[in-house]
There are 2 protein chains.
Amino acid sequence: MLDRIRATFESYGFAPIETPSVEELEILLAKGETDKEIYTIERLQADEHSAGEARLGLHYDLTVPFARYVAQHFNDLVFPFKRYQMQRVWRGERPQAGRFREFTQCDIDVIGIDNLAVTFDAELAAVAMQALEAIGVSGVTLHISNRKILDGFLQGLGLEPAGRVSVIRAIDALHKVGADQTKAAICAVFPDHGDREAIAAKSVALASISETGVELVERVQALGIAHPVLESGLAELSQVMSHLRFLGASNIVADLSIARGFDYYTGTVYEGRFDDAPGFGSIVAGGRYDDLAGAFINKKLPGVGISIGFSRLFVKLLQDKAITHIRRSPADVLIVLPSEDRREIMLVTAQALRKRGFKVETYHAPQKVGKQLSYAEKKGIPFVWFPPFEDGQPHEVKDMASGAQAPAAIENWSPSP
Amino acid sequence: MLDRIRATFESYGFAPIETPSVEELEILLAKGETDKEIYTIERLQADEHSAGEARLGLHYDLTVPFARYVAQHFNDLVFPFKRYQMQRVWRGERPQAGRFREFTQCDIDVIGIDNLAVTFDAELAAVAMQALEAIGVSGVTLHISNRKILDGFLQGLGLEPAGRVSVIRAIDALHKVGADQTKAAICAVFPDHGDREAIAAKSVALASISETGVELVERVQALGIAHPVLESGLAELSQVMSHLRFLGASNIVADLSIARGFDYYTGTVYEGRFDDAPGFGSIVAGGRYDDLAGAFINKKLPGVGISIGFSRLFVKLLQDKAITHIRRSPADVLIVLPSEDRREIMLVTAQALRKRGFKVETYHAPQKVGKQLSYAEKKGIPFVWFPPFEDGQPHEVKDMASGAQAPAAIENWSPSP
């Protein structure tokens, strides 16, 4: 599955990077206190040569190490810089269903200097969805919005920053709690505001817009609120959606209820969820940010990133029994050793088949053929190869599924005749 | 490189496993005090829910986690169990040239219940050397011995266990310090022994036997020492070498100076070194052990394992400039965006080429063609694709190496005409 995700990332020209699992604690905390629980590491037998060494921690995401990497290698990179990174990360959370303390993330990001075309925001959405398709995941919709839409709309409604943050937080729960509860939550933000009912109604009306076609702008305009930030967000989201149509992407919807991470994301935001299990939470997430590495380098590096929560996804596929059969051996073929004097021909046959690209196990001892067949069966090896028991006889291959056995030649045998 | 190693491992039917980076400290220390420096981990904001949790550490090799894994999943495994594992490991050592605190190991092991055919010892050597070949590493010789040979020979000389250990330790340095110094070291072990010169001479004579042909047994017998443990070791090593000949393996030599890890290995021992840089140390190492998981399960599980020190190998290849060219993009093709109205055809062309298996970047903005070409050049993308600037014109492709540009069709273009 990781190979297929990787191949999809590379098919769009994303370059692989890997960073150490360990960073200096100072780097991990450079963006201020994080809500992610960090694991620190220490040598069991710390001695004098550890005095004065920096405190170290395991990375809790791939974004902070990536920011450190970009700052460190800035002069060697060509921008826009497109990278992917598939590594384990660690968070000291209480483990629970679908939440791990050690798990694998698959991240792609594009970074520009000073500015970055919004078309990359579309590309990332397409790549992420194609990666899911490549590993056979269906029933996931990627919900896209642009933070400027909700924020500009609320500015158009005359709300101050603090009020906007509270409303956005309420709307973030809309798809979980429904319209009525969300409206009530918004009203509770402004107990003394005469227009609170209207604000709540308008906000929920906006956030309820979910659009795969081209009527996005019209539907928002019909709500009668205007603000330059709103216009800008709408223009960007429209451009992303039309770019996605050109790319032939599917299962992607403009969904104005998506808010995500108030302080970090500044434009496009993504959230991919299983249609039939909204409570499972997002398995794809990300967005556009103004500056990747401000804590490490005096350059403005805007970017857009999206992350596939591989481990959570894997759990869901196991739960759904979409992953069922786990082969105990990758081998295509087991070659039988009928008697000790056939060892050379067994090994020579194996090497010849490996040269042809097959994965081949050889049996280790001249035990009863029944025992050797049973080994192949238990390991799920689909074909058993019999070298000639005596010189002059042909090789034969048994198809373990059908039971059929037929003569075969090393130079042209193939699994499906 | 890791992909090729993996493909080689799988071509012999080894199954992949991965274990967590983190194990309980008790597990990591189960075999008694280790000489490897362990990193422990702790949550930065430890609170009440961490009280009573087991202390955790990062694994320092892949053998201990594998032993824990086999014990835990014993009933689900089919034996002989052949697994490979390619993961990072951590050791709190002082970093120096070719030594890292975080590095990648590639391990293969075969585990049996109660007993395990010695032919697997040959298979492992062949697989490891083929993996090196698959990643273009040359100039490495795999030295194989069997610990019983040296130990049985020294028993045949009448030495007690403590003396044997000291002699073996001295012989372990033979290939570094030479015969004279090794003899002196052995003599120093038995200051009061009348035959110490003869013991030293015989031991060094044995350890100097290095044999790729079939005369191994004769050369040892010519030294005139007999002992059942010696005979057993010689029989095993001979069988391993003849199995390797059947497999067509090369650059493998029976070398009786190889001793390695006195307490752990009990039969075959391997050590792979660069011929031209013996001081660089081993990049492949391993051997046969009596019992993998005795600390965790009441079963006798003998095994044989070999490990490729991937990170050290990588450093050597960088040093030797065997790895030089690092592409900044995996893309085969960059598609130019001549003007905004060509965006759709650019994206559609990209998707069609990706479907054909090519890795394709699209340029993000209709900037000057010279700038777009320069982007391809800086990222090392070998082909630049020009969609028709106007309808009715053909697509064209420029080969960045030769500068040649020619019409091309989406459905049958290929990089090498």
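A quick note: this is a predicted structure, and the numbers were derived from the prediction, not measured.

> Quick rundown of the overall build of chain A? Include the residues and the values.
Helices and strands together make up the secondary structure of chain A, namely 14 helices and 17 strands. Against the compact-globule benchmark of 22 Å for 417 residues, chain A has a radius of gyration of 28 Å, which places it well outside the compact range. Structurally, chain A occupies a C-alpha span of about 95 × 60 × 40 Å along its principal axes. By sequence separation, contacts in chain A at least 24 residues apart represent 66% of the contacts at least 6 residues apart. The centroid of the 45 positive side-chain charges in chain A is displaced by 5 Å from the centroid of its 54 negative side-chain charges.

> How would you summarise the interface of chain B and chain A if you had to cite specific residues and measurements?
Taken together, the 70 residues of chain B in the interface contact 70 residues of chain A. For the pair chain B and chain A, the two sides together bury roughly 6100 Å², of which 53% comes from carbon and sulfur. The largest share of the area that chain B buries against chain A comes from Leu44(B), Val78(B) and Phe246(B), three residues that together contribute 11% of it. At the surface where chain B touches chain A, the tally comes to ten salt bridges. Counting every contact that joins chain B to chain A gives 37 residue pairs in polar contact (both at pLDDT 80 or more). Contributions of two or more residues to the side of chain B that touches chain A are made by α1 (2-11), β3 (39-43), β5 (81-90), α4 (119-134), α11 (228-246), α13 (343-355), β14 (360-362) and α14 (369-379) of chain B.

> Before we move on, could you go through the environment of Phe103(A) and cite the residues and values that matter?
Residue and element names in this part refer to chain A. For phenylalanine 103, the position within the fold is in strand β6 (residues 102-111). Sequence separation between phenylalanine 103 and tyrosine 60 is 43 residues, and the spatial gap between their C-alpha atoms is 9.6 Å. In this structure phenylalanine 103 touches Gln87, Arg88, Val89, Arg91 and Ser311, once residues within four positions along its chain are discounted.

> Which residues make up the relation of the copies chain B and chain A, and what values go with them?
Mapping between the two chain copies consists of a rotation about an axis together with a translation along that axis. Rotating chain B by 180 degrees and moving it 0.0 Å along the rotation axis overlays it on chain A with an RMSD of 0.1 Å. In symmetry terms, the pair is related by a two-fold rotation axis. For chain B, the minimum C-alpha distance to the rotation axis belongs to Ile41(B) and amounts to 2.2 Å. When the interface residues of chain B are mapped onto chain A, 100% of them are again interface residues, pointing to one common binding face.

> Residues and numbers for the side chain of Ser203(A), please.
With respect to the helices, strands and loops of the structure, Ser203(A) is situated in helix α9 (residues 196-207). If sequence neighbours within four positions are ignored, Ser203(A) has contacts with Phe153(A), Leu154(A), Leu157(A), Val167(A), Ile171(A) and Ile186(A).

> Describe the sheet that holds β3(B), listing the residues and the values that go with them.
Read across the open sheet, the six strands follow the order β2(A)-β4(A)-β3(A)-β3(B)-β4(B)-β2(B); overall the sheet is antiparallel. Looking along the sheet, the strands with just one partner apiece sit at the ends: β2 (22-24) of chain A together with β2 (22-24) of chain B. Averaged over all pairs of adjacent strands, the angle between their axes in this sheet comes to 45 degrees, without regard to strand direction. Bridge count for β3(B) against strand β4 (residues 56-58) of chain B is two bridges, and the pairing is antiparallel. Note on β4(B): the bridge partner recorded for Ile41(B) is Leu56(B).

> Talk me through helix α12 (residues 310-319) of chain A; I want residue IDs and the actual numbers.
Residues and elements named next belong to chain A. For α12, a buried count of seven out of ten residues is recorded, marking the element as mostly surrounded by other parts of the structure. Residues Phe310, Ser311, Arg312, Leu313, Val315, Lys316 and Leu317 constitute the buried set of α12. Where the residues of α12 are buried, they touch α1 (2-11), β6, α4 (119-134), β10 (265-274) and β12 (303-309). With its phi angle positive at about 55 degrees, lysine 321 sits one or two positions after the end of α12.

> So what's going on with the packing of aromatic side chains? Residues and values would help.
According to the stated counting rule, one finds 27 aromatic pairs over all chains in the structure shown. For the ring pair Phe383(B) and Trp413(B), a centre distance of 5.2 Å and an interplane angle of 75 degrees mean the geometry is edge-to-face. Here Phe383(B), found in strand β15 (residues 383-386), pairs with Trp413(B), found in the segment after β17 (405-408); they are 30 residues apart in sequence, far enough to count as distant. Neither residue differs from the other here; Phe383(B) and Trp413(B) are each classed as buried. The positively charged end of Lys82(A) is found above the aromatic ring belonging to Phe14(A), 4.8 Å away from the centroid. A cation over an aromatic ring shows up here: Arg83(B) above the ring of Phe66(B), its NZ or CZ 3.8 Å from the ring centre.

> Mind laying out the pairing of β12(A), listing which residues take part and the relevant values?
A regular strand places its side chains so that they alternate between the two faces of the sheet. Residue and element names in this part refer to chain A. Of all seven residues in β12, seven are buried; the element is thus mostly enclosed. Residue alternation in β12 divides its side chains into two sets, Gly303, Gly305, Ser307 and Gly309 and Val304, Ile306 and Ile308, and both sets are buried. Relative to β12, β6 runs antiparallel, the two sharing seven bridges. Within β12, the residue paired with isoleucine 111 across the bridge is glycine 303. Sheet topology places strand β11 (residues 284-289) next to β12; six bridges connect them, and they run antiparallel. Bridge pairing in β12 links valine 284 to isoleucine 308.

> Describe the sheet that holds strand β16 (residues 395-399) of chain A, with residues and values.
Residue and element names in this part refer to chain A. A sheet is described by the order of its strands in space; here five strands give the open sequence β14-β13-β15-β16-β17, paired in mixed fashion. With partners counted over all chains shown, the strands left at the sheet margins are β14 (360-362) and β17 (405-408), one partner each. On average, adjacent strands in this sheet sit at an angle of 25 degrees to one another, irrespective of strand direction. Sheet topology places strand β13 (residues 333-335) next to β14; three bridges connect them, and they run parallel. Residue pairing across strands places leucine 334 opposite glutamate 361, the latter belonging to β14. Against the sheet, helix α13 (residues 343-355) touches β13, β14, β15 (383-386) and β16, its axis set at about 170 degrees to β14. Packed on one face of the sheet, helix α14 (residues 369-379) meets β13, β14, β15 and β16 and runs near 150 degrees to β15.

> Please give an account of the pattern of salt bridges that cites residues and values.
Under the counting rule described, the total for this entry stands at 40 salt bridges over all chains. Lys316(A) is the salt-bridge partner of Asp320(A), the closest N and O atoms lying 2.7 Å from each other. On the basis of relative accessibility, which here comes to 42%, the residue Asp320(A) falls in the partly exposed class. One salt-bridge network, held together by shared partners, links Asp3(A), Arg6(A), Asp3(B) and Arg6(B).

> Go over the pairing of β15(A) with me, naming the residues and quoting the values.
Residues and elements named next belong to chain A. Burial along β15 is two-sided: the face carrying Phe383 and Trp385 and the face carrying Val384 and Phe386 are both buried. Note that β13 and β15 share three bridges and pair parallel. Note on β15: the bridge partner recorded for leucine 334 is valine 384. Where β15 meets β16, four bridges bridge the pair, whose relative direction is antiparallel. Looking at the pairing, valine 384 lines up with lysine 398 of β16.

> Kindly report on the environment of Leu256(A), identifying the contributing residues and their values.
Residues and elements named next belong to chain A. Locating leucine 256 in the fold gives a position in the loop between β9 (252-255) and β10. Through-space distance from the C-alpha of leucine 256 to that of serine 145 is 5.3 Å; in sequence the pair is 111 residues apart. Setting aside its immediate chain neighbours within four residues, leucine 256 contacts Ser145, Ile149, Leu150, Leu206, Ala207, Ile209, Leu216, Val220 and Leu237.

> Any chance you could break down unusual backbone geometry for me, citing the residues and the numbers?
Residues and elements named next belong to chain A. Between phenylalanine 79 and proline 80 the backbone carries a cis peptide bond, its omega angle lying at -5 degrees. With respect to the secondary-structure elements, proline 80 resides in the loop between α3 (63-72) and β5 (81-90). One non-glycine residue, lysine 321, lies in positive phi territory at about 55 degrees. By the secondary structure assignment, lysine 321 is in the loop between α12 and β13.

About the cut-offs
Residues numbered from 1 in each chain as written. Chains lettered and ligands numbered in written order. Predicted model: local features only at pLDDT ≥ 70, side-chain atom pairs only at ≥ 80, totals over all residues. Heavy atoms only, no water. Helix = DSSP H or I, 4+ residues; strand = E, 2+ residues; numbered from the N terminus. Rg over C-alpha atoms; globule rule 2.2 N^0.38 Å. Contact = heavy atoms within 4.5 Å. Lys, Arg positive; Asp, Glu negative; His and termini not counted. Charge placed at Lys NZ, Arg CZ, Asp CG, Glu CD. Buried area = accessible area lost by both parts, 1.4 Å probe. Salt bridge = Lys/Arg side-chain N within 4 Å of Asp/Glu carboxyl O. Polar contact = N/O pair within 3.5 Å; in protein donor to acceptor, adjacent residues only side chain to side chain. Least-squares fit on C-alpha atoms with pLDDT ≥ 70 in both. Pairing = 2+ DSSP bridges. Axes fitted to C-alpha atoms, helices over the stretch in contact; angles between N-to-C directions. Buried < 20%, exposed > 50% of the residue type's maximum accessible area, 1.4 Å probe, protein only. Phe/Tyr/Trp six-rings, centres within 6.5 Å; stacked < 30°, edge-to-face > 60°. Lys NZ or Arg CZ within 6 Å of the ring centre and 35° of its normal.

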